Each structure stands twice: as C-alpha cells, then as structure tokens.
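Coordinates in review
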Amino acid sequence: LDQILKQSGKAFDPEAVRLFMKATRLDQLPQQVKEVLFSELEPGMRLAKGIYAPNGLMLVPEGESLTEKQLHKLRDYNLVDTINQRLIVYQ
C-alpha cells in the first residue's frame, strides 16, 4: 500500500489510488466522518482532517468548511502537485 501511495500521480492515477485505498483500508473511520475522493469535495463540506500538499504545506486546516474559492484553488494546486492523502470530512 505504501508503494502504491508513493507512485500516485506518477505510475498510477491519483483518483484510482484514492478509490483503491478507500476500498482496501483495514482501519475503520468513526461513524461521524467519511472518506471522499478529491473529485467528491464540495462547498460546505467540513474537513475532519486538514488537507496538506505532498511537501507538508497545510492547504486547508482541519475543521474548515470548504468554500467554492478554496475548492478552485485546491483543484488548481492538484494539477501542479498531486494531493495524495486520504480526504476525511464530517458527515
């Protein structure tokens, strides 16, 4: 799984990797949160975990409700430097 994550955006499509990771995760998330794909992020979703760039730079902090402007910036950033982390939001 670690190797697949490392190759996300290189050898593997990032959305396919996220879906694969979501389907194969052995750990269970608490009932009040869910994992979403990058393409499923919508305005108003509140992050249960912050979103970070691959270099560790925080893009959106935990607890923040996403705005349309933030989503636009995240999508633009993702085109340049793929965001490979699990995306966890409150239900």
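Below or above, wherever it landed, is the structure these notes cover. Here the structure is a predicted model, which is why all the values come from computation and not from measurement.

This part covers the overall build of the protein. Looking only at helices and strands, one finds three helices and four strands in the protein. The order of α-helices and β-strands along the protein, N terminus first, is α-α-β-β-β-α-β. Taken over the C-alpha trace, the protein has a radius of gyration of 13 Å; the compact-globule value for 91 residues is 12 Å, and the two agree within 12%. Once the C-alpha set of the protein is aligned to its principal axes, its extents read approximately 30 × 30 × 20 Å. The buried share of the protein, taken over its 91 residues, is 33%. Excluding contacts between residues fewer than 6 apart, the proportion of contacts in the protein whose partners are at least 24 apart in sequence is 53%. Of the roughly 5,900 Å² of accessible surface on the protein, 54% is carried by carbon and sulfur atoms. Separation of charge centres in the protein, based on 12 positive and 12 negative side chains, amounts to 2 Å.

Definitions and cut-offs
Residues numbered from 1 in each chain as written. Predicted model: local features only at pLDDT ≥ 70, side-chain atom pairs only at ≥ 80, totals over all residues. Heavy atoms only, no water. Helix = DSSP H or I, 4+ residues; strand = E, 2+ residues; numbered from the N terminus. Rg over C-alpha atoms; globule rule 2.2 N^0.38 Å. Buried < 20%, exposed > 50% of the residue type's maximum accessible area, 1.4 Å probe, protein only. Contact = heavy atoms within 4.5 Å. Areas by Shrake-Rupley, 256 points an atom, 1.4 Å probe, with all protein chains shown as cover. Lys, Arg positive; Asp, Glu negative; His and termini not counted. Charge placed at Lys NZ, Arg CZ, Asp CG, Glu CD.

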